[in-house]
Amino acid sequence: MSANYAFFIPEDAAFDYYYLDPASLAHRENNQANGRIQPDLLHFYYDKTATYQPYLKCDRYYYNLETGQVEGDARQVNITEVKTQLVDVLNYHTLVLPEGELIGANHFYKTKHGGEVYVDGNFVDGRVMGGLQLESPEHFPAPQIKQIYNEKNGNAYRISRVVQPPTKSVYAVLNENSQFSEFLEACSGFGATQILAWAGISDEVNPATGSSPQDAYTIFTRNYKMGTTSIEEACLDYNVKMFNTYNYTLFAPDNAAMKSAYANGLPKWADIQELFEKYAELDDNHTVTPQEEADKAMAYFKIKALRDFVRYHFMTNSVYADNTIDAGRYSTLSADEMGIAKEVVLSGGGGQLNVSDLTGRTVTVHAGGSQLANKMTRDYWFNSNKLRASSIVTSSFCAVHQISQPLSGETSGRFDEAWATKAAFSRAMKAYQQRKAKNEL
């Protein structure tokens, strides 16, 4: 095998410090929606005295998020009930590395399932941490490397605790940090289904796919769709709808970046709301005037500009500001009129990550600086409503970096090209009417 591995092996005593069950992160006391959040800790252990297989056992304990204390008595569960969590533990402790590479040159390393761990030293007493251990070291201390085993296809590392994955979604990070309030508002406005429908973006669901044209504009969702069926609130809060069991990067524009974007023509939802409200009181069967048709088109162009702006800041592949990075071209979640993904160019090293947009302008992320950088997040999808979820169906990982200048998916750097001049608006209006007639919006 040409692949090279780093395998972190928690010693038996490591499981005595428990593993925070991701599927229980939104559970509440007495299963009441208004109760305090009360997730579970899992204690895996090997019982050599068991009469019947499996010898691997698991107990659940309640966990107090505020105090960091274990509460209540052990509740034994069948090991099959926590299979997805056990697989998650195994995946999180396995790194797939390029041939001949060992950990140590960088801090951030991708796990087998696309997550990320932070490594501080590749020697005995070095540390390896997941997202939760970086967020809450007082309650979840970093696992230490106790012993190293050199093998032909990589190294194995005995560690003192279990690596704990991130517990916050992309939405939670944006929502908890006020410097992203403007960007979060831009992301959240696509829930205005009436306005989108008025602008020509239909909310009618296609029975064959279970989705509507408006779904292509949604940024955050809380319902997990599986074909034509869905599970309501099957995530911690809101998940990024465009994610698809992979790893991503969000270059999150802070309020200063949003101010710059507005100055370059990016609309606000208030602008679109104002257009809509001019006609909100009219009967559904009223005759649409040329002015209303023009306003509908203007609303559509502004909605599309916001969608393109938001999606251009999401990039496939998680990349962190580190000692070295994989430089090159990366696809964003925004596409041109041909459906081809727009790109950004990454470079950097020495704790810096440079991202260049289609204008050629470069924005730099600094590890360890005053701005939020290298934030590990994870969007979970569970097997049922978050209040009673018992397993992980799938998840996506995302690195979040704060930027104070916006990225542009247009070579001009403008976000209002469709309506900046009368000639541009006339051309865009003609294309809009043609696409609307074909139900292609």
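The structure presented is a predicted model; accordingly, all values stated were derived computationally and were not measured.

(A) Geometry of helix 6 (residues 255-263). Those residues of helix 6 not exposed but buried are Ala257, Met258, Ser260 and Ala261. Axial view of helix 6: buried residues confined to an arc of 160°, hence all on one face. Of the exposed residues in helix 6, those oriented more than 90 degrees away from the buried face are Lys259 and Ala263. Structurally, helix 6 contributes buried residues whose contacts are with helix 4 (181-188), strand 16 (247-253), helix 8 (290-312) and strand 23 (392-403).

(B) Expanded view of the sheet that holds strand 7 (residues 108-110). Strand order in this open sheet of 3 strands is 7-8-9, and the pairing throughout is antiparallel. The open sheet terminates on both sides in strands that have one partner only, identified here as strand 7 and strand 9 (127-129). Going from strand to strand, the sheet's axes swing by 30° on average, the running direction of each strand aside.

(C) Spotlight on the sheet that holds strand 6 (residues 94-97). On the basis of which strands lie adjacent, the open sheet formed by 4 strands has the order 6-1-11-10 and mixed pairing. Because the sheet does not close on itself, it has two edges, and the strands there are strand 6 and strand 10 (145-151). Put simply, the sheet's adjacent strands are angled 15° from each other on average, direction ignored. Direction of pairing for strand 1 (residues 4-10) relative to strand 11 (residues 154-159): parallel, over a ladder of 6 bridges. From the neighbouring strand, Ala6 faces strand 11, where its bridge partner is Asn155.

(D) Representation of the pairing of strand 8 (residues 116-120) within the structure. Summarising burial for strand 8: 4 of the 5 residues are buried, a large majority. When strand 7 meets strand 8, the two strands line up antiparallel, connected through 3 bridges. In the sheet register, Phe108 faces strand 8, and the bridge partner there is Tyr118. Note that strand 8 and strand 9 share 3 bridges and pair antiparallel. Its bridge partner lying in strand 9, Val119 is registered against Val128.

(E) Highlighting the layout of surface pockets. Estimated volume of the largest pocket: approximately 610 Å³. Taken together, 28 residues form the lining of the largest pocket, with Lys304, Asp308, Glu337, Glu410 and Ala418 sitting closest to its centre. When residues of the lining of the largest pocket are assigned to their parent elements, the largest contribution, 7 residues, is made by helix 8. When the residues that make up the lining of the largest pocket are grouped by side-chain class, the tally is 14 nonpolar, 3 polar and 11 charged.

(F) Representation of the packing of helix 7 (residues 269-277) against helix 8. With their axes 10 Å apart at the nearest point, helix 7 and helix 8 run at an angle of 160° to one another. As the angle between them shows, helix 7 and helix 8 are arranged roughly antiparallel. Here helix 7 runs over helix 8; the crossing is left-handed. The residues of helix 8 that touch helix 7, namely those facing Trp269, Asp271, Ile272 and Leu275, are Asp295, Met298, Ala299, Lys302, Ile303 and Leu306. Residues that form the contact of helix 7 with helix 8 fall into these classes: 7 nonpolar, no polar and 3 charged.

(G) Representation of the environment of Leu95. Structurally, the position occupied by Leu95 is in strand 6. The exposure class of Leu95 is buried, given its relative accessible area of 0%. Through-space distance from the C-alpha of Leu95 to that of Ala437 is 51 Å; in sequence the pair is 342 residues apart. With residues near it in sequence (within four places) discarded, Leu95 still touches Asn4, Tyr5, Ala6, Phe8, Ile103, Tyr109, Lys110, Thr111 and Val117.

(H) Representation of the packing of helix 8 against helix 9 (residues 422-437) within the structure. One can describe the packing of helix 8 onto helix 9 by two numbers: an axis separation of 10 Å at closest approach and a directional angle of 95°. As far as their axial angle goes, helix 9 and helix 8 are roughly perpendicular. Contacts between helix 8 and helix 9 involve Glu293, Ala294, Lys296, Ala297, Met298, Tyr300 and Phe301 on the former and, on the latter, Phe425, Ala428, Met429, Tyr432, Gln433, Arg435 and Lys436.

(I) Unusual backbone geometry, seen in detail. Despite not being glycine, Tyr18 has its phi angle at roughly 75°, a positive value. Relative to the elements of secondary structure, Tyr18 occurs in the loop between strand 1 and strand 2 (19-20). One non-glycine residue with positive phi stands out, namely Thr245, at about 50°. For Thr245, a relative accessible area of 48% puts it in the partly exposed group.

What counts as what
- Residues numbered from 1 in each chain as written.
- Predicted model: local features only at pLDDT ≥ 70, side-chain atom pairs only at ≥ 80, totals over all residues.
- Heavy atoms only, no water.
- Buried < 20%, exposed > 50% of the residue type's maximum accessible area, 1.4 Å probe, protein only.
- Helix = DSSP H or I, 4+ residues; strand = E, 2+ residues; numbered from the N terminus.
- Arc of directions from axis to C-beta.
- Contact = heavy atoms within 4.5 Å.
- Pairing = 2+ DSSP bridges.
- Axes fitted to C-alpha atoms, helices over the stretch in contact; angles between N-to-C directions.
- 1 Å grid on protein atoms, 1.4 Å probe; cavity = no way out; pocket = protein on both sides within 12 Å on 5 of 7 lines; lining within 4 Å.
- Points joined across faces, edges and corners; volume = space filled by probe spheres on them.
- Nonpolar A, V, L, I, M, F, W, Y, C, P; charged D, E, K, R; others polar.
- Parallel < 35°, antiparallel > 145°, perpendicular 65-115°, else oblique.
- Left-handed = near helix turned anticlockwise from the far one by under 90°.

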